[in-house]
Amino acid sequence: MFHSRTNRRRFLGMSLGAAMTPALLSFLSSCAPGKKPVASGGWDGREIKFAHGAGLCNMPLFYSAEKQLFAKYGFKGTAALTPMPADVAVQLATGQVEMAVIPFTNAIAAYTQGASFQVVAGSGVEGLVIVAKPEIKSFADLKGKKVATFQADTLDVIVYDYLKKEGMTYDDVEMVYLGDSTELLNAYLAGQVDAVSHIEPYATKAKTQTNGNILGNGVDIYGSGYPDCVLAVRNEIIENEPEMVKDVIRVFFEAQYEIENNFEGAAQATIDKYYKTDMESLLASAQAQPPGVDVRDKRNFMYERAESMKELNYINMDLDDNFVNFSLLEDVIAESPELWERVKVKVTV
C-alpha cells in the first residue's frame, strides 16, 4: 500500500521518464486531437480534453464543464478521466490531452524531461495544508513520524520547505507516498500515518474528523495567493490555436467569478462527481483554496520551488524561461478587461 521514502529518488525513472520515450511522444502526438478552427472564427464543435487532479484548485475546470461555459465560445471542454494525480503530467506530456489543470511542481517534473507544453495561467491558489494528530503540535514533533502525501506534488514540496525552514530534512521523518486523494485521507483517518499533507476539501475533513492540528497552510512561508494548480497547454495548441487558448482562459475567468460569488452553487454542481467528500467539508474549505486565474506575479515563486525539487532529486536541471508563458493571459486581460476586473483573486499592477 505505502511507497517508502527510499523510492523517492527513483521517481522520475519509474513514472515520467518511462512514459515519455521519444517514440511514444511522437506516436501520441500524432494521435492527439488536432482539429483546426473553422474559417468563420468558431470552433465547429471542437472538444478539448483536460487532464486534472482532485482538489479545489481544479474547480474552475469542473464548474466550467458542468455548466457548459465553454459552449459560449463554440467548443466543449471535458474533464478527462485521470486515474492518479501523477497521471496528469503523463497525459499532458504524451499528448493524450491537450490541456491540463496540474500542480505546478508535477508540471516542472514533466517539463524538465522534455515535455512540450507551457503554463499559461493559474487555476487555484493556496490550500496546501499539513494536518497532524492532536498530540503533534509542531514540526519538531514530527521527528520519527510518518507523513503521507503525493510524490513530487506541491504537497510534497511544501513539507520539504517547512522542514528546511525548521532546520530539519526528510531524514527526520518517514515520508509515505500514496496514489489518490481518498486513499491519502483514509490513511490518516485510520491512524496509519501521523500527519498528512493534503489539498482541500480533504484537509478540512482530516482536521475536523480527528480534531487534528494544522501545522502549516503555506501562507506563512509562501505568502498569500501562492499558486497550486495551473493551466498548462501543449505547445502545438498555443502555436496553432492561440485564440482558442485565450477563450479557455476567458472561461476560467468566468468560472472564477461565478465560484467566488456562489460557492454553494458551485459545490452542488461538482460534489460527488469530482469531490468525494461531504457537503459540510466542501463548504467549510471554500476560503482555504479559492480559484485564481491571474497568477502573473507568481512566476518567480514557481521557479524557486524548482530549486527545492532539485534538492530533492526530482529534477536534475534548471528550469528554462519557456516553462511559463503568460502572454496569452496578458492578451485576455487587455482584450477582455471586464472579466479580470470583477474577479477577487488577481494581480493588481
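What you are looking at is a predicted structure, and each value in this text was computed from that prediction instead of being measured.

Enquirer: It is not clear to me how the overall build of the protein should be interpreted in this structure. Could you clarify?
Expert: Counting secondary structure elements, the protein contains 17 helices and ten strands. Counting the 349 residues in the protein, one finds 58% classified as buried. When contacts within the protein are restricted to residue pairs at least 6 apart in sequence, those whose partners lie at least 24 apart make up 81%.

Enquirer: Help me out: how do you make sense of the nonpolar core in this one?
Expert: One broad rule of soluble globular proteins: the nonpolar side chains tend to lie buried together. M99, L231, I249, F253 and F323 are the most contacted members of the largest nonpolar core, which totals 123 residues. A total of nine residues in this core trace back to one element, the largest contributor, which is helix α12 (residues 242-261). Excluding its chain neighbours within four sequence positions, the residues that come into contact with F253 are V293, D294, L329, V332, I333, L339, W340 and V343.

Enquirer: It is not clear to me how the packing of aromatic side chains should be interpreted in this structure. Could you clarify?
Expert: What describes a pair of aromatic rings is the distance from one ring centre to the other and the angle between the planes of the rings. Taken as a whole, this structure holds 14 aromatic pairs when the rule is applied. Here the aromatic rings of Y160 and Y170 are separated by 5.8 Å at their centres, their planes lie at 90 degrees, and the arrangement is edge-to-face. With Y160 in helix α7 (residues 154-165) and Y170 in the loop between α7 and β7 (174-177), the pair connects residues that are ten residues apart, well separated along the chain. Judged on exposure class, the residue Y160 and its partner Y170 are both buried. An aromatic cluster of three or more residues is present, and its members are F50, F70, F75 and F252. Just above the ring of Y257 sits the side chain of R342; from NZ or CZ to the centre is 3.9 Å.

Enquirer: I tried to follow the sheet that holds β7 on my own but got confused; where do I start?
Expert: Backbone-to-backbone hydrogen bonds pair the strands of a sheet. The strands run either parallel or antiparallel. The strand order β7-β6-β8-β5-β9 describes an open sheet built from five strands, whose pairing is mixed. Bordering the open sheet on either side are β7 and β9 (213-216), each of which pairs with just one other strand. Each neighbouring strand pair of the sheet contributes to a mean axis angle of 30 degrees, computed without reference to strand direction. Across four bridges, strand β5 (residues 129-132) lies against strand β8 (residues 195-198) in antiparallel orientation. Bridge assignment links I130 to a residue of β8, and that residue is S197.

Enquirer: Sorry, what's going on with the pattern of salt bridges here?
Expert: It is possible for side chains bearing opposite charge to pair when their charged atoms get close. Here the structure, examined in full by the defined rule, presents 20 salt bridges. Here E243 makes a salt bridge to K246, at a shortest N to O gap of 3.0 Å. One end of the pair is E243 and the other is K246, both in helix α12 and three residues apart, which spans about a single turn. Classification of K246 as buried rests on a relative accessible area of 4%. Ionic pairing is found between D297 and K298, a salt bridge with its closest N-O pair at 3.9 Å. With a relative accessible area of 47%, D297 lands in the partly exposed category. Judged by relative accessible area, which is 15%, K298 ranks as buried. Salt bridges here are not isolated pairs; linked through shared partners, they connect E243, K246, D247, R250 and E335.

Enquirer: I keep staring at the layout of surface pockets and nothing clicks. Help me out?
Expert: One water molecule sets the probe size; rolling that probe over the atoms shows where empty space is left. Estimated volume of the largest pocket: approximately 560 Å³. If you trace the largest pocket, you find 30 residues lining it, with H52, G53, A54, T82 and Y274 closest to the centre. Those elements that place two or more of their residues in the lining of the largest pocket are β2 (75-79), α5 (85-93) and α8 (181-189). Within the lining of the largest pocket, the residues separate by chemical class into 17 nonpolar, eight polar and five charged.

Enquirer: How should I be thinking about the side chain of E200 in this particular structure?
Expert: Relative to the elements of secondary structure, E200 occurs in the loop between β8 and α9 (202-210). Although E200 lies buried, it forms no salt bridge, and the closest oppositely charged side chain, K207, sits 9.9 Å away as judged by the N-O distance. Polar side-chain contacts of E200 include one of 2.8 Å to the side chain of T204. Leave out the neighbours within four places in its chain, and E200 touches G55, L56, G127, V129, S285, A288 and Q289.

Enquirer: Please explain helix α16 (residues 327-335) as it appears in this structure.
Expert: Residue pairs three or four apart in sequence face the same way in an α-helix, which turns once every 3.6 residues. Within α16, the full set of buried residues consists of L328, L329, V332 and I333. All buried residues of α16 lie within an arc of 140 degrees about the axis, which places them on one face of the element. Those residues of α16 that are buried lie in contact with β4 (117-122), α11 (235-240), α12 and α17 (337-342).

About the criteria used
Sequence positions are assigned chain by chain, starting from 1 and proceeding in written order. Under the rules for a predicted model, residues below a pLDDT of 70 receive no local features and side-chain atom pairs below 80 are neither given nor counted, while totals for whole chains, interfaces and linings still include all residues. Side-chain numbers here rest on the full set of heavy atoms in the structure, without hydrogens or water. In this text, helices come from DSSP runs of H or I with a minimum length of four residues, and strands from runs of E with a minimum of two, each type numbered from the N-terminal end. For the exposure calls, accessible area comes from a 1.4 Å probe over protein chains only, and a residue counts as buried if that area is under 20% of its type's maximum, exposed if over 50%, partly exposed in between. Contacts between residues were defined by any pair of non-hydrogen atoms, one from each residue, lying within 4.5 Å. In this description, a nonpolar core means a group of buried Ala, Val, Leu, Ile, Met, Phe, Trp, Tyr and Cys residues linked to one another through side-chain atoms lying within 4.5 Å. Only the six-membered ring of Trp is used, alongside the rings of Phe and Tyr, when aromatic pairs are assigned; centres must lie within 6.5 Å, and planes under 30 degrees apart are stacked while those over 60 apart are edge-to-face, with the rest tilted. Remark: a charge is flagged as sitting over a ring if the NZ atom of Lys or the CZ atom of Arg is within 6 Å of the ring centre and within 35 degrees of the ring normal. Between any two strands, pairing holds if DSSP finds at least two bridges. Between N-to-C directions, angles span 0 to 180 degrees; the directions come from axes that are lines fitted to C-alpha atoms, helices contributing only their stretch in contact. The term salt bridge refers to a pairing of a side-chain nitrogen on Lys or Arg with a carboxyl oxygen on Asp or Glu at a separation within 4 Å. Within this scheme a cavity is a closed region of a 1 Å grid, computed over the protein atoms alone, that accommodates a 1.4 Å probe without allowing it to escape, whereas a pocket is open but has protein on both sides within 12 Å along at least five of seven lines; lining residues each have an atom within 4 Å of a point. Grid points are joined across faces, edges and corners, and a volume is the space filled by probe spheres set on the points. Each residue gets one label: Ala, Val, Leu, Ile, Met, Phe, Trp, Tyr, Cys and Pro are nonpolar, Asp, Glu, Lys and Arg are charged, and the others, such as Gly, are polar. Note on charges: Lys and Arg go in the positive column, Asp and Glu in the negative column, and His and the chain ends are not counted at all. Whenever a nitrogen or oxygen atom comes within 3.5 Å of another N or O atom, the pair is scored as a polar contact, on the condition that within protein one atom can donate a hydrogen and the other can accept it, and that pairs from neighbouring residues in sequence are kept only if both atoms are in side chains. To obtain the arc, one takes the directions from the helix axis to the C-beta atoms.

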